[in-house]
Amino acid sequence: MTGEASEIVLSKQDLREVTAFAAACAEVALAIFEADQPDDSRPRDAVGAAWEFARGGERGKSLRDTASAALKAAKNAGTSAAREAAWAAMSAAGAAYLHPLAKATQVKHILGAAAYAARAAELAAGDDRSVGAEHLQRAVRRVHPVVVDVLRRFPAPPAGGGRVGELIRTLDADLR
């Protein structure tokens, strides 16, 4: 049928590697959230659930619930930087649910945690874009070849999405 995205083959190991990458990227932003909301563990719990899946756990209700809780934590954040950090954590847990559809929007499941974490760092540094660029370079150095292979199965990310969208496209270009 016209307009339908073709299916991409993704193994559970592919999803584990993507999720591990997302968790590693989001983990570095947790301190930004926790400086703003020291008694709220929801983003840390989401990153922990992502790591659990990446290390062999199952995709299930706990993973979805922690992603949802991190999203709610973002709404309670007192700063834009903390909100972006919570979104990074939510994206890490959500990475396990990358859809096997050849749609450009799916790239956010792969690179979203890194982009949100980079944006959180930028905002925490007074909107210093060089800080975000440094975060992306660290993400490039830590990426597993499987993640790059998975990324290349998808179309390039779409335009738009504000600064996070720019960061996703920059990281995508660096990895492809």
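Residues numbered from 1 in each chain as written. Predicted model: local features only at pLDDT ≥ 70, side-chain atom pairs only at ≥ 80, totals over all residues. Heavy atoms only, no water.

Draft legend 1. Representation of the overall build of the protein chain in the model. Counting its regular elements, the protein chain contains nine helices and zero strands. Mapped in sequence order, the helices and strands of the protein chain form the string α-α-α-α-α-α-α-α-α. The C-alpha atoms of the protein chain give a radius of gyration of 15 Å, which matches the 16 Å a tight globule of 176 residues would have. In the protein chain, which comprises 176 residues, the proportion classed as buried is 48%. A sequence separation of at least 24 residues applies to 75% of the contacts in the protein chain between residues at least 6 apart. Placing the 23 positive and 22 negative side-chain charges of the protein chain at their respective mean positions leaves the two points 3 Å apart. (Helix = DSSP H or I, 4+ residues; strand = E, 2+ residues; numbered from the N terminus. Rg over C-alpha atoms; globule rule 2.2 N^0.38 Å. Buried < 20%, exposed > 50% of the residue type's maximum accessible area, 1.4 Å probe, protein only. Contact = heavy atoms within 4.5 Å. Lys, Arg positive; Asp, Glu negative; His and termini not counted. Charge placed at Lys NZ, Arg CZ, Asp CG, Glu CD.)

Draft legend 2. Layout of the packing of helix H4 (residues 61-76) against helix H5 (residues 80-94). Where H4 meets H5, the axes come as close as 8 Å, and the angle between the chain directions of the two elements is 165°. Between H4 and H5, the crossing angle belongs to the class labelled roughly antiparallel. Taken as a pair, H4 and H5 cross one another with a handedness that is left-handed. Contacts between H4 and H5 involve Leu 63, Thr 66, Ala 67, Ala 70, Leu 71, Ala 73 and Ala 74 from the former and Arg 83, Ala 86, Trp 87, Ala 89, Met 90, Ala 93 and Gly 94 from the latter. (Axes fitted to C-alpha atoms, helices over the stretch in contact; angles between N-to-C directions. Parallel < 35°, antiparallel > 145°, perpendicular 65-115°, else oblique. Left-handed = near helix turned anticlockwise from the far one by under 90°.)

Draft legend 3. Fine view of unusual backbone geometry. One non-glycine residue, Asp 127, adopts positive backbone phi at about 65°. A residue is classified by how much of its surface remains accessible, and Asp 127, at 36% relative accessible area, is partly exposed.

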